[in-house]
Amino acid sequence: MLQENEIAQRLYEYMSERMTGIKGRDVRIGVGYAAVALDKNLTGLAAVIRESLAPHCGVVAKAGKLSGIPASELLGYLTNSRNPVEKALGLATANAVLSAEAPKEESDALALMKLSSRDHVAMVGLFSPLVPRIEKSGAKLTILENNKVRPHSVNFKNRGDILKTCTVAIITATSILNNTLETILNDLENPRWVSIIGPSTPVCRDIFAGTPVTHLGGSVVLDRPKVLQIVSEGGGTPLLRPYLRFVNLVLI
């Protein structure tokens, strides 16, 4: 059984030795994403979970002092902070360094799953563009959402046996930030395919060893200045999409 925050801790330990000599160059925090720009043109993204923000003016304690600090210090936010924005900065820092080793070609995450009418897909977090394609495959689709629930979706707290009985699980990478990923993975019984997807995904095989995860779908920043601008101006995935390469790593 995975312990709470175990994947984030594994990621921190894996990345720590890879941060030597690297410094942060720019940090941007928008209403949808945080972006971290490091030396060597390395740039990473992670989602900002707005509903987790406390109702006060100050969000990041070291705001105004982040540019130029060691990347290892930014990475430390991933496991040392309970602040959701600071945790996003930690994950974005890891993703920036991982981007140098990411697959070089873009590919279609859903095509890799080879869905059919025999499948029951549990989608944890809504990925709207994928819904019509999943439905077209004939697969049964159940969407699990945390707190806010839309039509045809189920509150995560009321998930029952959905994760135990699904054949395919598609999980948002923001589950790393809100400490639900380990609960989700522990609930899975014997799915044939488990994906973690979204721009926040750390595309790193090693940290998912011994888990049910079979596929990672993340992103690589192609145009750093444009991505930093869009994040700063409050843009989300649709606006960022032209300036990212979406990559996939199959673990089986």
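All of these numbers come straight from a predicted model, not from anything done at the bench.

Thoughts on the environment of Ser 81
Along the chain, Ser 81 turns up in the loop between α2 (71-80) and α3 (84-98). Ser 81 has contacts with Gly 76, Glu 86 and Lys 87, leaving out every residue within four places of it along the chain. At a separation of 3.0 Å, a polar atom in the side chain of Ser 81 contacts the main-chain amide nitrogen of Asn 83.

Examining the side chain of Ser 116
Relative to the helices and strands, Ser 116 resides in the loop between α4 (109-113) and β4 (120-124). Contacts of Ser 116, omitting those with residues within four sequence positions, involve Ser 137, Gly 138 and Ala 139.

What about the sheet that holds strand β3 (residues 43-47)?
Pairing in this open sheet of three strands is antiparallel, and the strands run β1-β2-β3 from one edge to the other. One side of each edge strand has no neighbouring strand; the edge strands of this open sheet are β1 (24-29) and β3. Strand after strand, the sheet turns through a mean of 15° between neighbouring axes, direction not considered. Note that strand β2 (residues 33-38) and β3 share five bridges and pair antiparallel. Note that in β3 the partner of Ala 34 across the bridge is Ala 46. Strands β1, β2 and β3 of the sheet are contacted by helix α8 (residues 224-232), whose axis makes an angle of about 145° with β2.

Basis of the calculations
- Residues numbered from 1 in each chain as written.
- Predicted model: local features only at pLDDT ≥ 70, side-chain atom pairs only at ≥ 80, totals over all residues.
- Heavy atoms only, no water.
- Helix = DSSP H or I, 4+ residues; strand = E, 2+ residues; numbered from the N terminus.
- Contact = heavy atoms within 4.5 Å.
- Polar contact = N/O pair within 3.5 Å; in protein donor to acceptor, adjacent residues only side chain to side chain.
- Pairing = 2+ DSSP bridges.
- Axes fitted to C-alpha atoms, helices over the stretch in contact; angles between N-to-C directions.

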